[in-house]
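# Descriptive structure summary
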Amino acid sequence: MLKTTSVLFFSLIASVAMAQTDLMKELEQADDSTVHYAAATFKGTRIINGHSIETVGKNNMDFIISHRFGAINSGAGNFFGLDESQIRLALEYGLTDRLMVGIGRSSYQKTIDIFVKYRLLRQSSGMRNVPVSVTLFASDAHNASTSTPDLPFYTITQRQTYTFQALVARKFNEKLSLQLTPTVMHRNLAEKPLDANNVYALGMGGRYKLTKRTSFNAEYWYTPKRIGNTTQRDPQYTNTLSLGFDIETGGHVFQLHLTNSRGMIEKQFLGQTTGKWSNGDIFYGFNVARTFSFDKSKKRSNSDGY
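About the cut-offs
Residues numbered from 1 in each chain as written. Predicted model: local features only at pLDDT ≥ 70, side-chain atom pairs only at ≥ 80, totals over all residues. Heavy atoms only, no water. Pairing = 2+ DSSP bridges. Helix = DSSP H or I, 4+ residues; strand = E, 2+ residues; numbered from the N terminus. Axes fitted to C-alpha atoms, helices over the stretch in contact; angles between N-to-C directions. Phe/Tyr/Trp six-rings, centres within 6.5 Å; stacked < 30°, edge-to-face > 60°. Buried < 20%, exposed > 50% of the residue type's maximum accessible area, 1.4 Å probe, protein only. Lys NZ or Arg CZ within 6 Å of the ring centre and 35° of its normal. Contact = heavy atoms within 4.5 Å. Core = buried A, V, L, I, M, F, W, Y, C linked by side-chain atoms within 4.5 Å. Polar contact = N/O pair within 3.5 Å; in protein donor to acceptor, adjacent residues only side chain to side chain. Salt bridge = Lys/Arg side-chain N within 4 Å of Asp/Glu carboxyl O.

Around the barrel, which closes on itself, the 12 strands sit in the order β2-β3-β4-β5-β7-β8-β9-β10-β11-β14-β15-β16 with antiparallel pairing between neighbours. Direction aside, the axes of adjacent strands within the sheet are offset by 20° on average. The sheet contact formed by strand β4 (residues 99–106) and strand β5 (residues 112–121) spans seven bridges and is antiparallel. When the bridges of β5 are listed, Met100 appears paired with Lys117.

All told, the structure shown has five aromatic pairs when counted by the stated rule. When the ring of Phe69 is compared with that of Tyr284, the centres are 5.7 Å apart and the planes differ by 10°; the resulting orientation is stacked. Of the two residues, Phe69 sits in strand β2 (residues 60–71) while Tyr284 sits in strand β16 (residues 283–293), which places them 215 residues apart along the sequence. Under the relative-accessibility criterion, Phe69 is labelled buried at 15%. Judged by centre distance (6.3 Å) and plane angle (50°), the rings of Phe69 and Phe286 are tilted. Linking Phe69 in strand β2 with Phe286 in strand β16, this pair joins segments that are 217 residues apart in sequence. Put simply, the rings of Phe69, Tyr284 and Phe286 pair up and form one aromatic cluster. If you follow Arg122 out to its NZ or CZ, it ends over the ring of Tyr37, 4.2 Å from the centre.

Turning to its location among the elements, Ser52 is positioned in the loop between β1 (35–37) and β2. Leaving out residues up to four positions away in the same chain, Ser52 has contacts with Phe42, Gly44, Thr45, Arg46, Ile47, Lys117, Leu167 and Gln179.

Turning our attention to the pairing of strand β8 (residues 160–171). Most of β8 is tucked away: nine of the 12 residues are buried. By the bridge criterion, nine bridges tie β8 to strand β9 (residues 176–187) in an arrangement that is antiparallel. Opposite Thr163, over in β9, you have Met185 as the bridge partner. Here β8 folds back onto β9, and the loop between the two strands holds four residues.

With that settled, consider the nonpolar core. By size, the foremost hydrophobic cluster in this structure holds 10 residues: Phe42, Ile47, Ile48, Ile53, Val56, Met100, Phe115, Phe137, Leu167 and Ala169. In contact with Phe42, other than residues within four places in its own chain, are Ile47, Ser52, Ile53, Glu54, Ala169, Ser177, Leu178, Gln179, Gly206 and Arg207.

Within the fold, Arg119 resides in strand β5. Residue Arg119 is classed as buried on the basis of its relative accessible area of 9%. In this structure the C-alpha to C-alpha distance between Arg119 and Thr55, which are 64 residues apart in sequence, comes to 7.2 Å. A distance of 3.2 Å separates the side chain of Arg119 from the side chain of Glu54, its partner in a polar contact.

Under the defined criterion, the tally for this structure stands at eight salt bridges. Arg187 serves as the salt-bridge partner of Asp195, at 4.0 Å between the closest nitrogen and oxygen. As far as burial versus exposure is concerned, Asp195 and Arg187 are alike and both buried. Two residues, Arg213 and Glu248, come together in a salt bridge whose shortest N-O distance is 2.4 Å. Residue Arg213 is located in the loop between β10 (198–211) and β11 (214–222), and its partner Glu248 is located in strand β14 (residues 240–248); the two are separated by 35 residues in the primary sequence.

Turning our eyes to something else, we now look at the side chain of Glu248. On the accessibility criterion, Glu248 (2% relative accessible area) is buried. Among the polar contacts listed, one links the side chain of Glu248 to the side chain of Arg213, at a separation of 2.4 Å.

The values reported here are purely geometric and, on their own, carry no functional implication.
Written out as structure tokens, the structure reads:
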């Protein structure tokens, strides 16, 4: 049932996006002189771990390399975590200026994830006053690791985890942007006895622009331990807190950060984070994004609007 629902949700986002794109473009062009849209609320499609409201432009593709080293408290023998790492490679493509799709592969649990994002509303002022930007997000993560006695998979369906989000952000001024991300995640197979199949969480993130090309970013994901009488996840798991520093260099965006989660997709940093900042379970990591344009008539500048 949920698999059918997720397919319908993906299809709904795509159909609504394609149907509205031409109309919205006409309205924006007609009111271009009197409507002012907020640009570069965030520099990239990620704040740190989680998605931002930003989407890849039409006919542009982002290639993203994400890396997480081991825990800093692992000691000098492990070079303070630098001797080990997890990696994720991803491609993200803009079908329109509002609709994008992506695919990624993480070394952790050999997870393959696909997603779609649609920019429903854009913050604007003037003739059309919209106080926030809203982007819809849906993903499917597939655990491709080998089945074990501790984590047996009997069907392909059991390996799926679906995530649905509404990303709501506001650019308050040229320096400060904040975002809230209410989230629902469904795991077809809960991996621990105390884990619930449905997980409800709230992401909170933001960035503060330091210079023309740098910013400080912060992100926190809160997952209540219980919803009513239902335990959401095993007590060994914790909420994710990440602090980062973004550097924009024209064609690249470098994101350097510290986090207590080694996971780089929703399934992992929402439901499988075990690190605690108070214990020194801090992982150094980075995201590197490179944009390629396939639109010869309109090359997008990565430095515009930062």
